Amino acid sequence: MSLRELCFQASLNSLRAGRLATFYIIDTALNRNGWRVTDEALERALPTLLGKPLGCVPGYGVNHVAEPQIVGHFITAEKPDGYLLATAEITDPTAWEKLQSGEWGPVSVVIKAHKVRCSLCGADVTSGPDEHILNGEGHQVVEGFTFERVDFVSNPAYPSARLITLKAAVVPYEETPKAPMDYPWDADEAERRIRLWAGGPEKEDIDWSRYRRAFSISPANPGGRSLLTPPGIM
Ligand SMILES: [Zn+2]
């Protein structure tokens, strides 16, 4: 057996695998804060949501705060029909309970705008509003942006932005080489290797679907110690 083989506690796996929440995030309509994103900008921004956090107020409140408590990360993003539908893997058990009970639902997106124009005159207002935006004749049209985060809120800027579906998915089991049962276990080191294997170590670079493949529960060893190695890492 190779020294680079990895093993995982089944409890760790069950915590990470399969709690999936799908959200309506944003569309191209004028939002309650007086700005909108273009369809092209939304299309280009899709990949920037992957790996980005889903947050709440520390202590499980809902609103935007400067330093939120992170309860999950986005693993898919698609634009089926002029709006963004995205799935996050929920890593916080309390957050999962609040989603299941219906206590949490609405979400609000945090973006970083790179190019903004006035809807009335077309002026570049990226660095600040012009007179049309200040007097309400125009609104801000975001032509370029990246996603920063999504937070649970009570009153979303986009009326439709909320939880759509919850799914407790079972990650397909992959038969992989296994380490000996007495092999020394270093969770941090193993996690670091999986990040590298999935394109990391930086979150922005990680292929999350690949990353997830390393976290699954062995049906041959339910409730026990599961010893898995990501395929192709040896
Ligand atoms: Zn203007």
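Rules of the game
Residues numbered from 1 in each chain as written. Predicted model: local features only at pLDDT ≥ 70, side-chain atom pairs only at ≥ 80, totals over all residues. Helix = DSSP H or I, 4+ residues; strand = E, 2+ residues; numbered from the N terminus. Buried ≥ 20, exposed ≤ 12 C-beta atoms within 10 Å, placed from the backbone. Contact = placed C-beta atoms within 7 Å. Core = buried A, V, L, I, M, F, W, Y, C linked by C-beta atoms within 7 Å. pLDDT = per-residue confidence, 0-100.

1. Description of the overall build of the protein chain
Right, on to step 1. Each helix and strand in the protein chain was counted, giving six helices and ten strands.
Right, on to step 2. The buried share of the protein chain, taken over its 234 residues, is 31%.
Right, on to step 3. Within the protein chain, counting contacts between residues at least 6 apart in sequence, those at least 24 apart form 69% of the total.

2. A short note on unusual backbone geometry
Right, on to step 1. A positive phi is found at Tyr-60, a non-glycine position, where the angle reads about 75 degrees.
Right, on to step 2. Secondary-structure assignment places Tyr-60 in the loop between β4 (53–56) and β5 (69–78).

3. Details of the nonpolar core
Right, on to step 1. In terms of nonpolar packing, the biggest core is built from 37 residues, with Phe-23, Ile-25, Ile-26, Ala-86, Ala-88 and Val-107 touching the most fellow members.
Right, on to step 2. When residues of this core are traced back to their parent elements, those giving at least two are β2 (19–27), α2 (39–45), β4, β5, β6 (83–90), α3 (93–101), β7 (107–118) and β8 (140–152).
Right, on to step 3. Here the element with the most residues in this core is β8; it accounts for six residues.
Right, on to step 4. Among all residues touching Val-107, those that are not within four sequence positions of it are Phe-23, Ile-25, Val-150, Asp-151, Phe-152, Val-153, Pro-156, Ala-161 and Arg-162.

4. Thoughts on the environment of Lys-112
Right, on to step 1. Mapped onto the elements, Lys-112 comes out in strand β7.
Right, on to step 2. When the C-alpha positions of Lys-112 and Arg-149 are compared, they lie 9.6 Å apart, and in sequence the two are 37 residues distant.
Right, on to step 3. Every residue in contact with Lys-112, bar those within four places of it in the chain, is listed here: Phe-145, Thr-146 and Glu-148.

5. Brief notes about the environment of His-114
Right, on to step 1. Counting through the fold element by element, His-114 comes out in strand β7.
Right, on to step 2. You can call His-114 partly exposed: it has 13 C-beta atoms within 10 Å.
Right, on to step 3. A C-alpha to C-alpha distance of 6.8 Å links His-114 and Thr-126, two positions twelve residues apart in sequence.
Right, on to step 4. Contact partners of His-114, with chain neighbours within four places excluded, come to Gly-144 and Phe-145.

6. Let's talk about the environment of Gly-138
Right, on to step 1. Its location among the elements puts Gly-138 in the loop between α4 (131–135) and β8.
Right, on to step 2. Gly-138 sits in the buried class, given 21 other C-beta atoms within 10 Å.
Right, on to step 3. Separated by 19 residues in the primary sequence, Gly-138 and Ser-119 place their C-alpha atoms 5.2 Å from one another.
Right, on to step 4. What Gly-138 contacts, discounting residues up to four positions off in sequence, is Cys-118, Ser-119, Leu-120, Cys-121, His-132 and Ile-133.

7. Looking at the confidence of the model for the protein chain
Right, on to step 1. Here the protein chain shows a mean pLDDT of 81. Residues at 70 or above account for 74%.
Right, on to step 2. In this model, residues 1–16 is a region of pLDDT below 50 whose contacts with residues beyond four sequence positions or in other chains number 36 contacts.
Right, on to step 3. The model gives residues 216–234 a pLDDT under 50, and that stretch makes 52 contacts with residues more than four places away or in other chains.

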